Amino acid sequence: MKKSIAIILTLLIATTLFAQKPQGKHPTHHDGFPRTPQIEKMVSDLSVMQKKKLETITTDSKKRVEKIQNELNNIRNQIRTIMQQDGDNSAKLFPLLDREGVLQADLTKEMYNTRLKIDEVLTPEQLKEFRSKLDAMPKKHHPKEHNKHH
């Protein structure tokens, strides 16, 4: 019985650890989106105003993402600690797991909203060029999808 509990606990901890965002970041990406200097390299003919708007968008998004990520890391540390404790700690654990899910959704929403704001700054031609170059980039953060093509 203790061996089964230890195996289940190990699997739960491993699942929580693997669910975390990778610590290393692709150099051209800021939480899923190219940084402003990279956008400038990927899109032709950005005006000075467009560059300023893109810088503001990415800087503001980075602040919001960092805040969410810090809370998410804190929650995940608490989850790991509780999962390593003996006994039934579900009253403490389950609300933390729920909060982790909300924060992960908040990160995804922030990335999506940032993409929408970037799209609004670019002209249709620039947006087409940007999407084309994004699609051509290697998908390092999605190994399962990447392996399907090989």
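Residues numbered from 1 in each chain as written. Predicted model: local features only at pLDDT ≥ 70, side-chain atom pairs only at ≥ 80, totals over all residues. Heavy atoms only, no water.

Caption draft 1: How the structure looks around the packing of helix α4 (residues 90-121) against helix α5 (residues 124-136). Contact geometry of α4 with α5 gives a least axis separation of 8 Å together with a crossing angle of 135 degrees. Of the possible angle classes, the one that applies to α4 and α5 is oblique. Every residue of α5 that contacts α4 at Arg115, Ile118, Asp119 and Val121 is listed here: Gln126, Leu127, Phe130 and Arg131. For the contact of α4 with α5, a count of residues per class yields four nonpolar, one polar and three charged. (Axes fitted to C-alpha atoms, helices over the stretch in contact; angles between N-to-C directions. Helix = DSSP H or I, 4+ residues; strand = E, 2+ residues; numbered from the N terminus. Parallel < 35°, antiparallel > 145°, perpendicular 65-115°, else oblique. Contact = heavy atoms within 4.5 Å. Nonpolar A, V, L, I, M, F, W, Y, C, P; charged D, E, K, R; others polar.)

Caption draft 2: Region of interest: the pattern of salt bridges. Applying the stated criterion to the full structure yields seven salt bridges. Measuring nitrogen to oxygen at the nearest pair gives 2.9 Å for the salt bridge that ties glutamate 110 to arginine 64. Here glutamate 110, found in helix α4, pairs with arginine 64, found in helix α3 (residues 48-83); they are 46 residues apart in sequence, far enough to count as distant. Residue class for arginine 64 comes out partly exposed when judged on its relative accessible area of 34%. The closest approach of N and O atoms between arginine 115 and aspartate 119, which form a salt bridge, is 3.2 Å. Taken together, the residues span about one helical turn, with arginine 115 and aspartate 119 both in helix α4 at a distance of four residues. Overall, the relative accessible area of 27% leaves arginine 115 in the partly exposed class. On the basis of relative accessible area, aspartate 119 is assigned to the buried category, the value being 13%. A network of salt bridges, in which partner residues are shared, links Arg115, Asp119 and Arg131. (Salt bridge = Lys/Arg side-chain N within 4 Å of Asp/Glu carboxyl O. Buried < 20%, exposed > 50% of the residue type's maximum accessible area, 1.4 Å probe, protein only.)

Function cannot be read off these values alone, since they describe shape.
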